[in-house]
Each structure stands twice: as structure tokens, then as C-alpha cells.
Amino acid sequence: KECDILNVRYTFEFEAYQIARDYFLSHKEYDYFVIATDDIIVKPEHIIQLKEDLSNFKFAVLSGMMNVDEKDYPDGNLNICPCLALKDKKLRHYDWLDKTRLPKDDIFLVKFAGFGLTAVRRDIIEMFPFATDSIFKGKGMQFGASLDFVFCWNCHEFGVPIYVDKRIMMQHLRNHGK
């Protein structure tokens, strides 16, 4: 067993993140909150690489990467961007990277990493709660979507760097279960 696992099921996405965050915060023995959504294929080697990276350097946020859509696997758009999209959903455009645009280094900085085996250090989880993009319109935290997008904006606004390890490349089954 490489890590403890908490599966939150049969609830809305926002509530699932709140339940998982609350559980994590109540267990002081955990240093990192790791998000692995239910529509990605995470292999043991991905967990091993993530743990090795985190033991070598205490990243605030470190993520793997995955295809954006099923048609993008393995060589199309990845769930990472060098810049943040606009907060206004009507104007939002993601500048997805693909393998041809990746830096030479295995671990590199991005502004956006969709939740793909994403490790978040305890002090960052304590800094701000998960929220949906409805907060950008002044509505409640739970009335929208794009929790990963809002998380990345919070990181940007609080000066928290987001790193990606390109050796942690997973398959995203985005629409597979529909």
C-alpha cells in the first residue's frame, strides 16, 4: 500500500471536496492532500514518482498530467497551461500544452493544472477552501463548477507556485462513463 485512500462517493463534486478537505484537516498526521479524480487511470508508478518528488522537495503544489479529452490521449492536449484563463466563463479560453510544448525539465512551473494526481501541502489546504467558479460572480462557493480552475486562481493570488512532473502522465477517461 503506497498511501491512505479516502473515496468520497454519491455526492456532488463540491461537497465531495469539502468532505475530503475536512477529513484531511482533522488528521494532522498527513502532510499532503492528494487529489485523484475518479475518471483517471492512476498506476502504482505514478504514486511512487509523486512520493519520491515530495520527499526530495516540499512542493506547495505538485501535479501529474493527463489528456484533456479522451480523443487527446496520448499525444493531444494536456490538462496544464502556462497561463491562467480568464475568470469570466464566457471569455474563458485554456491555452493547453501538448507534449511538443513541454519544457525539457521533468518538473516545471505552470499556472494551471487540472486535478490529475495533484498533491497540495497542508499549509496550502489550510489557506483557502475549495470553491467553484460561481465565486467570481459573487455567488456561493457551491453553485458552479471548475474547482481546479478556482484552486489555481487562488494559488496565483496567494503566490503559491504550481509544479507539474511530466513523468506522471495518466490517461483521463473524461466521458467514458457517460
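Residues numbered from 1 in each chain as written. Predicted model: local features only at pLDDT ≥ 70, side-chain atom pairs only at ≥ 80, totals over all residues. Heavy atoms only, no water.

Draft legend 1. Local environment of the packing of aromatic side chains. Under the criterion given, the structure shown has 18 aromatic pairs. With 6.0 Å between their ring centres and 90 degrees between their planes, F136 and F149 make a pair best called edge-to-face. Residue F136 is located in the loop between α3 (122-127) and α4 (147-158), and its partner F149 is located in helix α4; the two are separated by 13 residues in the primary sequence. When its relative accessible area of 0% is taken as the criterion, F149 is described as buried. Sitting over the ring of W153, K87 keeps its end group 4.6 Å from the ring centre. Over the face of the ring belonging to F24 we find R122, whose NZ or CZ atom lies 4.3 Å from the ring centre. (Phe/Tyr/Trp six-rings, centres within 6.5 Å; stacked < 30°, edge-to-face > 60°. Helix = DSSP H or I, 4+ residues; strand = E, 2+ residues; numbered from the N terminus. Buried < 20%, exposed > 50% of the residue type's maximum accessible area, 1.4 Å probe, protein only. Lys NZ or Arg CZ within 6 Å of the ring centre and 35° of its normal.)

Draft legend 2. Molecular detail of the pattern of salt bridges. A full pass over the atoms with the stated rule returns 11 salt bridges. Across the pair D72 and K71 runs a salt bridge whose closest N-O atoms are separated by 3.3 Å. When its relative accessible area of 8% is taken as the criterion, D72 is described as buried. On the basis of relative accessibility, which here comes to 68%, the residue K71 falls in the exposed class. With a closest N to O distance of 2.7 Å, E157 and K87 form a salt bridge. Placement of the pair is E157 in helix α4 and K87 in the loop between β4 (80-81) and β5 (107-110), with a sequence separation of 70 residues. According to the relative accessible area criterion, E157 is partly exposed, its value standing at 46%. Sharing partners across several salt bridges, the network here consists of D53, D106, D165 and R167. (Salt bridge = Lys/Arg side-chain N within 4 Å of Asp/Glu carboxyl O.)

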